[in-house]
Amino acid sequence: MGKGFFISKVVAVVCVVVAISAVATIIALSVVYAQEKSKNQETPTTATTAGPGTQTTTPSTPKEPWQRYRLPDSLSPISYNVTLWPRLTPNTDGLYIFSGYSTVLFTCVKETDLILIHSNKLNFTMFDGYHAQLKAVDGASAPQLKKSWLEVPTQYLVIQLSSPLQAGSTYELFTEFVGELADDLGGFYRSEYDEDGVRKILATTQMQPTDARKAFPCFDEPAMKAVFHMTLIHPHGTVALSNSMNYEPINITTPDGLNLIQTSFGPTEIMSTYLLAFVVCDFGFIQSDLGANVLIRIWARKKAIEEGQGAYALEKTGPILSFFEKYYKIPYPLKKSDQIALPDFSAGAMENWGLITYRETALLYNPAVSSNGDKEWVATVISHELAHMWFGNLVTTKWWNDLWLNEGFATYVSYLGANYAEPDWNMSDLIVLNEIIGVMAVDALASSHPLSSKEADVMRPEDINALFDSITYSKGAAVLRMLSSFITEEVFSNGLNTYLEEFKYKNTVYQDLWKNLQTAVDNAGIQLPHSVEVIMNRWILQMGFPVVTIDTKTGKISQKHFLLNPDSVVDVPSEFNYEWFVPITWIKTGAAKDQYWLLTKEATNADMTTGDGDWLIANIDMKGFYRVNYDSENWDRILTKLSTQHQDIPVINRAQIIDDAFNLARAKIVSTTLALSTTRFLNTELEYMPWQTATRNLDYFVLMFDRSEVYGPMQGYINKKVTPLFKHFEELTANWTKIPEKHTDQYNQVNALSWGCSTGVDGCKELTTAWFKEWMDNPDNNKISPNLRTTVYCSAIAEGGAVEWDFAWKMYKSATIASEAEKLLYALSCTKQPWLLNRYLEYCLDPTMIRKQDATFTINYIAGNPIGQPLAWDFIRANWAHIFNDYGGGSMSFGRLISGVTKRFSSEFEYKQLLQFKEDNINQLGSAASSFEQALERTKANMDWVALNKELVFDWFTSEISGTV
């Protein structure tokens with residue numbers, strides 16, 4: 001961990017010989033690469049790029065093994081020895097590069113005369129005209145190489161042999177190579193930041209899902225687990241990190257006199273290539289006590305560490321690790337847990353085994369500047385990544401089609417871990433707002449997809465990248481939460497334990513988890529209507545979810561595939577006919593009743609009939625992944641209860657009632673006026689979850705009507721509802737000078753201020769502009785509460801002009817805390833000046849102004865502004881090729897860009913524009929292809945909804961603000 005915390009000085013001596021012999025070769029490689037001016041877009045002239053008959057694009061029906069995207073099952077890796085030297089300064093051509101060499105030890109499982117190993121954008125040293133050297137282990141002779149080339153479309157190094165490798169024999173493949181240390185956030189890449197006026201460069205990695213092959217040749221599939229022996233060569237003044245603990249670094253001198261450090265690392269556990277990580281930087285760190293069982297270190301920019309921004313992460317990592325050790329009933333598998341905050345990182349975080357990488361906002365926290373939302377994000381992301389240390393890393397799914405199990409599980413249990421670390425936050429309830437409600441809107445589209453895909457449907461890197469979406473993460477979490485609920489959390493934990501014990505260091509398919517959970521269910525004596533696998537198959541093998549309708553007059557219950565647009569066509573057949581086995585939890589007039597299983601399309605439960613004074617609510621605490629509709633009389637009784645004694649209904653269900661009603665109305669199942677009526681009680685509601693759910697649903701009305709005459713009366717209605725909440729927090733916080741004690745109250749205070757200012761509550765805008773002006777007058781002393789800064793910044797910039805915008809931009813560029821920079825990045829999009837918004841859009845394509853990792857989010861922020869939306873849409877159409885090449889293809893946030901920029905679309909003209917844009921760029925959609933389909937479907941639904949509801953909604957809001965019924 002800290003000084004002197006190394007594996008062994010004695011063992012390190014072994015590395016010295018390797019270092020000295022390697023340096024000359026590595027320098028020669030760097031000279032070769034300096035001549036490459038194409039930035040690795042093509043393979044080098046020193047290598048044969050294609051064999052006879054090789055096509056420039058892979059055919060739809062591949063004829064040769066190297067034209068297929070999946071590796072054959074003839075070879076199995078055992079271990080890799082990899083040495084890499086990243087250059088943290090550009091060469092004479094202005095390129096940042098890395099050079100290295102690798103030896104992979106592998107076993108021949110089936111006799112073959114072909115070696116396929118992944119390689120992407122690497123330039124190889126040739127050995128007698130071949131890209132590699134092959135030798136047999138244990139004295140046997142290896143076949144001669146016959147031909148080698150780089151198969152660019154499928155990202156292989158292809159080696160044909162003159163005679164076959166023998167099944168059961170072991171071989172070594174040696175390669176030397178150079179690659180670009182680009183700023184593309186994938187593979188082995190560089191990140192840049194300024195510290196005390198000095199530009200700093202670091203080298204880091206992001207391998208998941210298919211970019212380990214950009215760092216060195218490897219069998220880059222999750223099931224190809226191996227042991228990795230890493231060595232990094234780096235400048236003095238920097239430190240090298242990897243998955244394992246390092247041996248003591250040694251000084252080396254290159255033939256041309258460069259003094260460098262060589263750091264070698266102990267062997268990793270057997271693991272997948274996508275979990276490999278290594279970093280070269282000059283960061284600082286803080287660490288756990290030396291006597292701790294697991295060494296925990298938090299790494300970040302030195303200034304961030306000095307300011308204490310890593311303290312919260314260090315404080316919570318130990319307890320969360322302990323929680324998961326108890327939850328899984330298995331000790332943490334490694335000796336250390338390094339966590340590092342990177343200035344440039346495409347995802348939120350990455351669960352590399354032993355070296356977890358994070359965006360700065362997901363690991364660093366400064367109580368003087370960061371909000372409670374920032375703090376919650378740090379806790380949940382740390383918990384998510386630590387959950388993977390067992391589920392995903394120790395046991396890994398065989399292929400990416402089961403990514404949902406890995407990410408959905410980690411998302412679900414991250415709330416359990418965070419709840420343990422922060423018991424006062426009620427995190428186990430907040431999963432409903434943060435994950436479940438949002439993903440239900442996506443899964444209600446006919447263009448959604450099942451959680452588990454067929455392996456044959458997920459082959460290309462872009463297919464894999466497309467799976468990193470809200471269905472995978474959030475729906476995966478929702479259905480596992482539902483499963484845990486109906487078999488109990490204790491039984492769920494017991495099944496996880498046997499699953500992890502049985503398959504540790506191996507790979508699985510989702511059925512393996514079902515079998516272990518079934519055994520736990522049987523051992524506990526829990527009675528289910530069908531096996532775990534039979535029940536869950538209906539939730540993971542078909543898309544969507546049901547709406548359950550309960551008629552409290554007759555006790556009749558029915559289910560139907562819920563579609564946001566009832567006129568959309570579902571052209572994907574389901575073997576289950578879009579029916580589910582639904583666990584229905586329910587209360588009658590506040591009293592909990594026995595769970596009921598709906599196993600058919602229709603059924604009757606006489607207990608669900610109600611008397612005159614009774615009311616019934618189903619899906620308690622939204623543990624089930626479905627919506628609920630009722631007969632009109634029960635809806636009326638629920639609305640009466642909300643208006644008179646809303647506290648009698650559980651708080652999550654108050655949120656559920658609002659969300660279900662609004663979505664049922666959009667699906668034309670209930671009236672829009674019924675949905676709007678579920679918000680009438682909000683003037684007496686003080687809890688965050690109902691208010692936040694209402695906010696999200698009313699936001700849809702804002703999106704649809706903020707450019708029409710409906711907007712005025714709608715704002716008047718919301719003003720009436722939020723004014724009591726605004727006054728409540730004004731009093732609770734002693735005129736906004738104190739922070740509410742309760743976690744969710746701190747969130748709801750933001751709702752009060754945000755709605756208050758946007759709807760014109762007396763004194764609100766004056767408050768926010770005065771706070772912002774005070775900060776502008778004294779930039780070194782920002783007194784605005786961190787929880788309120790996003791809202792205050794946005795409100796003040798919206799009310800102001802260029803002076804306010806330029807001040808905020810200056811503060812953004814000088815921010816040393818990522819969470820503060822993120823708040824300003826959003827607030828800058830709130831201006832009402834089109835020319836400022838256009839300038840801001842242009843900044844998005846300049847990485848010196850806005851980091852690549854933030855560009856798509858910034859465009860979305862601008863599109864969220866009604867003035868900015870058409871500007872953003874024009875911008876991405878005009879710059880699509882550049883955006884796609886620099887930010888798309890494999891980017892996990894790329895699909896969100898399409899969704900964000902088109903979410904306001906509700907006219908025939910916009911629909912035709914979107915369709916034309918898709919057709920014009922059909923070959924440049926990448927991982928966003930499904931997002932275009934969803935955007936088209938959503939636009940069609942918006943068009944229909946607006947046509948049906950505009951006049952009705954105008955009349956309802958007008959009536960409400962005038963006081964008539």
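Residues numbered from 1 in each chain as written. Predicted model: local features only at pLDDT ≥ 70, side-chain atom pairs only at ≥ 80, totals over all residues. Heavy atoms only, no water.

1. Observations regarding the pairing of strand β26 (residues 591-598)
- Here strand β25 (residues 582-588) runs beside β26; their pairing, made up of six bridges, is antiparallel. Bridge assignment links Ile587 to a residue of β26, and that residue is Ala592. (Pairing = 2+ DSSP bridges. Helix = DSSP H or I, 4+ residues; strand = E, 2+ residues; numbered from the N terminus.)

2. Digging into the packing of aromatic side chains
- Within this structure, the stated rule accounts for 68 aromatic pairs.
- On the numbers, 6.0 Å between centres and 55° between planes, the contact of Phe127 with Phe174 is tilted. Remark: Phe174 occurs in strand β8 (residues 170-180) and Phe127 occurs in the loop between β4 (122-124) and β5 (133-136); sequence separation between them is 47 residues.
- In this structure Phe127 comes out as buried when scored by relative accessible area, which is 16%. (Phe/Tyr/Trp six-rings, centres within 6.5 Å; stacked < 30°, edge-to-face > 60°. Buried < 20%, exposed > 50% of the residue type's maximum accessible area, 1.4 Å probe, protein only.)

3. Side note on the confidence of the model for the protein
- A residue-level look at the protein finds 93% of positions with pLDDT of 70 or above and a mean pLDDT of 91.
- Across residues 1-59, where pLDDT falls below 50, the model places 124 contacts with residues more than four positions away in sequence or in other chains. (pLDDT = per-residue confidence, 0-100. Contact = heavy atoms within 4.5 Å.)

4. As for the side chain of Thr103
- Here Thr103 shows up in strand β2 (residues 97-108).
- Discounting chain neighbours no more than four positions away, the residues touching Thr103 are Ser79, Tyr80, Asn81, Glu172, Leu173 and Phe174.

5. Examining the pattern of salt bridges
- Following the criterion strictly, the structure yields 47 salt bridges and no others.
- Look at the salt bridges and you will find they share partners, linking Arg190, Glu192, Asp194 and Arg199 into a network. (Salt bridge = Lys/Arg side-chain N within 4 Å of Asp/Glu carboxyl O.)

6. Some points on the nonpolar core
- With 306 residues, the main nonpolar core has Tyr327, Tyr328, Trp514 and Ile584 as its most contacted residues.
- Sequence-distant contacts of Trp514, defined by excluding residues within four places in its chain, comprise Trp404, Leu480, Leu483, Val532, Glu533, Met536, Asn537 and Ile540.
- Membership of the second largest hydrophobic core comes to five residues, among which are Trp85, Ile233, Ile250 and Ile252. (Core = buried A, V, L, I, M, F, W, Y, C linked by side-chain atoms within 4.5 Å.)

7. Things to note about empty space enclosed by the protein
- Here the structure, examined in full by the defined rule, presents seven cavities of 30 Å³ or more.
- Size it by volume and the largest cavity reaches roughly 70 Å³.
- Lining the largest cavity, in full, are Tyr69, His118, Thr154, Thr210, Arg213, Asp220, Glu221, Trp399, Trp400, Met459, Pro461 and Ile464.
- When we break the lining of the largest cavity down by domain, the ones giving at least three residues each are domain 1 (65-281) and domain 3 (408-419 + 426-541). (1 Å grid on protein atoms, 1.4 Å probe; cavity = no way out; pocket = protein on both sides within 12 Å on 5 of 7 lines; lining within 4 Å. Points joined across faces, edges and corners; volume = space filled by probe spheres on them. Domains from an automatic or database assignment.)

8. Points about the packing of helix α3 (residues 311-328) against helix α5 (residues 403-421)
- Packing of α3 against α5 leaves a shortest axis separation of 9 Å and a crossing angle of 120°. The angle between the axes of α3 and α5 places the two elements in the oblique class. Judged by the twist between their axes, the crossing of α3 over α5 is right-handed. Counting all contacts with α3, which are made through Lys316, Pro319, Ile320, Phe323, Phe324, Lys326, Tyr327 and Tyr328, the residues of α5 involved are Phe409, Tyr412, Val413, Leu416, Gly417, Tyr420 and Ala421.
- The residue inventory of the contact of α3 with α5, partitioned by class, reads twelve nonpolar, one polar and two charged. (Axes fitted to C-alpha atoms, helices over the stretch in contact; angles between N-to-C directions. Parallel < 35°, antiparallel > 145°, perpendicular 65-115°, else oblique. Left-handed = near helix turned anticlockwise from the far one by under 90°. Nonpolar A, V, L, I, M, F, W, Y, C, P; charged D, E, K, R; others polar.)

9. Details of the side chain of Lys641
- The topology assignment puts Lys641 in helix α12 (residues 632-645).
- Residues contacting Lys641, with those up to four places away along its chain left out, are Trp615, His646, Asp648 and Ile649.

10. Concerning the packing of helix α24 (residues 868-878) against helix α27 (residues 908-920)
- Contact pair α24 / α27: the axes reach a minimum separation of 12 Å and the direction vectors enclose 20°. Compared by their axis directions, α24 and α27 come out roughly parallel. For the pair α24 and α27, the crossing hand works out as left-handed. Residues Gln869, Trp873, Ile876 and Arg877 of α24 lie in contact with α27, whose contacting residues are Glu910, Gln913, Leu914 and Phe917.
- In terms of residue class, the contact of α24 with α27 is made up of four nonpolar, two polar and two charged.

11. Looking at helix α19 (residues 789-799)
- Extensive coverage of α19 is indicated by the burial of nine of its eleven residues.
- As for α19, its buried residues are in contact with α17 (743-759), α18 (764-777), α20 (802-814) and α21 (818-827).

12. Re the pairing of strand β23 (residues 546-551)
- Both β23 and strand β24 (residues 556-561) contribute to a ladder of six bridges, which runs antiparallel. Along β24, the bridge assignment pairs Asp551 with Lys556.
- Counting the residues between successive antiparallel strands, the hairpin from β23 to β24 contains four residues, one of them, Gly555, with a positive phi of roughly 80°.
- Pairing geometry for β23 and strand β29 (residues 627-630), over four bridges, is parallel. Pairing of Thr549 across the sheet is with Asn629, part of β29.

13. Considerations on the UniProt feature "site: Transition state stabilizer" (unreviewed entry) in the protein
- Mapped onto the present numbering, the UniProt feature "site: Transition state stabilizer" (unreviewed entry) falls on Tyr473.
- Structurally, Tyr473 is set in helix α8 (residues 470-487).
- A relative accessible area of 24% places Tyr473 in the partly exposed class.
- When sequence neighbours within four positions are dropped, the list of residues in contact with Tyr473 reads His384, Glu407, Gly408, Thr411 and Phe468. (UniProt positions renumbered as here; feature names shortened; annotations may be inferred.)

14. Considerations on the domain arrangement of the protein
- When cut into domains, the protein gives domain 1 (65-281), domain 2 (283-394), domain 3 (408-419 + 426-541), domain 4 (545-561 + 574-675) and domain 5 (681-962).
- Just the C-alpha atoms count here: the centres of domain 1 and domain 3 sit 34 Å apart.
- Taken together, the contacts link twelve residues of domain 1 with ten residues of domain 3.
- With both sides pooled, the region where domain 1 packs onto domain 3 buries about 990 Å², and carbon together with sulfur makes up 61% of that total.
- By the criterion of area lost to domain 3, the three top residues of domain 1 are Tyr69, Arg70 and Pro209, representing 47% of everything that side buries.
- Between the two partners, domain 1 and domain 3, sit one salt bridge. (Buried area = accessible area lost by both parts, 1.4 Å probe.)

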